[in-house]
Amino acid sequence: MNCLLCQRKLSLTLKFTELFLLKSPENSICEKCLATFQTISEKHCPRCWKDGSSQVCEDCQEWEEQGIIINHRAIFHYNAPMKGYFSNYKFIGDYRLRAIFANYFKPTKKDKNFTLVPIPISDKRLQERGFNQVTGFLDAAKIPYGNLLLKSDSVKQSSLSREERLDSKNAFTVAEDILIPKKVLLIDDIYTTGTTLQHTVFTLKEAGVTEVKSFSLCR
Ligand SMILES: [Zn+2]
Ligand SMILES: [Zn+2]
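**Student:** Please explain the pattern of salt bridges as it appears in this structure.
**Tutor:** Where charged atoms from two side chains of opposite charge come close, those side chains can pair. Evaluated as defined, the whole model comprises six salt bridges. In this structure, E211 and K183 form a salt bridge, with 3.9 Å as the shortest nitrogen-oxygen distance. Taken together, the residues E211 in strand β6 (residues 211-218) and K183 in strand β5 (residues 183-190) connect sequence positions 28 residues apart. Since its relative accessible area comes to 30%, K183 is described here as partly exposed.

Structure (structure tokens):
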């Protein structure tokens, strides 16, 4: 078998510790590629997992003033190799690549009693891309989830500046005729400005969800 990222031949004699790091033997990338992805350090904002300081960060303090206290968790830095990965997965559309990180989306013991809700993409985006990258991960790892949220068409977030993104209005709504759970764990691929999170948390709470936390693979 070859590495899904660099196409080098994978050695099939992985040590037990290596299998553990890869989380799953099906995760078919080589050690060299795996090492280019950087995990977030222990020292991070306790609310949004911004790396570098264990204090509540300025963004989170500002949101608190607006009545939003987020409860987020992330694993990897959105560094250059990770950007490369997502560009192949999302924009070039190599669906096989979801297998690499799928198992990182598995809920932990603390997530018991929470309904997993993937961040949706708009119908237009779905047609262009052919898949939602977040449900791609969840499906690959056979993790159950509820499609509670809908997203209307708006300007592509990645084509906006940081300021424009922060200003953009809420494009999320709750799906009709659906039972609203009390506790929701929002699932996303990348956390950048936190705007998506603020909007979705707001929408869910308006709909009657009492507790919302969130997870993204990257931050
Ligand atoms: Zn490789
Ligand atoms: Zn923070």
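We are not done yet, so read on.
**Student:** Help me out: how do you make sense of the coordination of the zinc ion (ligand 2) in this one?
**Tutor:** Protein coordination at the zinc ion (ligand 2) comes from C45 (SG), C48 (SG), C57 (SG) and C60 (SG), with a distance range of 2.3 to 2.4 Å. For C57, a relative accessible area of 12% translates into the label buried.

**Student:** For this particular structure, what's the right way to read the coordination of the zinc ion (ligand 1)?
**Tutor:** Tetrahedral coordination by four donors puts the ideal angle at the metal at 109.5 degrees, and octahedral coordination by six puts it at 90 or 180 degrees. Distances from the zinc ion (ligand 1) to its protein donors, namely C3 (SG), C6 (SG), C30 (SG) and C33 (SG), fall within the range 2.3 Å. Between the four donor atoms coordinating the zinc ion (ligand 1), the angles at the centre fall across 104 to 117 degrees, so the site counts as tetrahedral. A residue is classified by how much of its surface remains accessible, and C3, at 0% relative accessible area, is buried.

**Student:** Is there a simple way to explain the environment of E176 in this structure?
**Tutor:** Inspection of the secondary structure assignment puts E176 in the loop between β4 (172-174) and β5. Between the alpha carbons of E176 and L150 there is a distance of 9.5 Å; along the sequence they are 26 residues apart.

**Student:** Help me understand helix α9 (residues 195-206) in this model?
**Tutor:** Because each turn of an α-helix spans 3.6 residues, side chains separated by three or four positions in sequence point in the same direction. Between its terminal C-alpha atoms α9 stretches 17 Å, which fits the 16 Å expected from twelve residues at 1.5 Å a residue. Within the sequence span of α9, burial applies to T195, L197, Q198, H199, T200, V201, T203 and L204. Just downstream of α9, G208 is the residue with a positive phi angle, here 115 degrees.

**Student:** Would you take a moment to explain the sheet that holds β5 for this structure?
**Tutor:** Think of a sheet as strands paired side by side through backbone hydrogen bonds, with each pair either parallel or antiparallel. Strand order in this open sheet of four strands is β1-β6-β5-β2, and the pairing throughout is parallel. Because the sheet does not close on itself, it has two edges, and the strands there are β1 (72-76) and β2 (115-118). Between one strand axis and the next, the sheet turns by 20 degrees as a mean value, whatever way the strands run. Note: β1 against β6, four bridges, orientation parallel. Note that in β6 the partner of A74 across the bridge is S216. Contacting β2, β5 and β6, helix α7 (residues 133-140) crosses the sheet at an angle of about 110 degrees to β5. Relative to β5, α9 is tilted by about 160 degrees, and along the sheet it contacts β1, β5 and β6.

Scoring rules and cut-offs
- Residues numbered from 1 in each chain as written.
- Chains lettered and ligands numbered in written order.
- Predicted model: local features only at pLDDT ≥ 70, side-chain atom pairs only at ≥ 80, totals over all residues.
- Heavy atoms only, no water.
- Salt bridge = Lys/Arg side-chain N within 4 Å of Asp/Glu carboxyl O.
- Helix = DSSP H or I, 4+ residues; strand = E, 2+ residues; numbered from the N terminus.
- Buried < 20%, exposed > 50% of the residue type's maximum accessible area, 1.4 Å probe, protein only.
- Donors = N, O, S within 2.8 Å, 3.2 Å for Na, K, Ca; no water.
- Tetrahedral: all angles 85-135°; square planar, octahedral: opposite > 155°, others 65-115°.
- Expected span 1.5 Å × (residues − 1).
- Pairing = 2+ DSSP bridges.
- Axes fitted to C-alpha atoms, helices over the stretch in contact; angles between N-to-C directions.
- Contact = heavy atoms within 4.5 Å.

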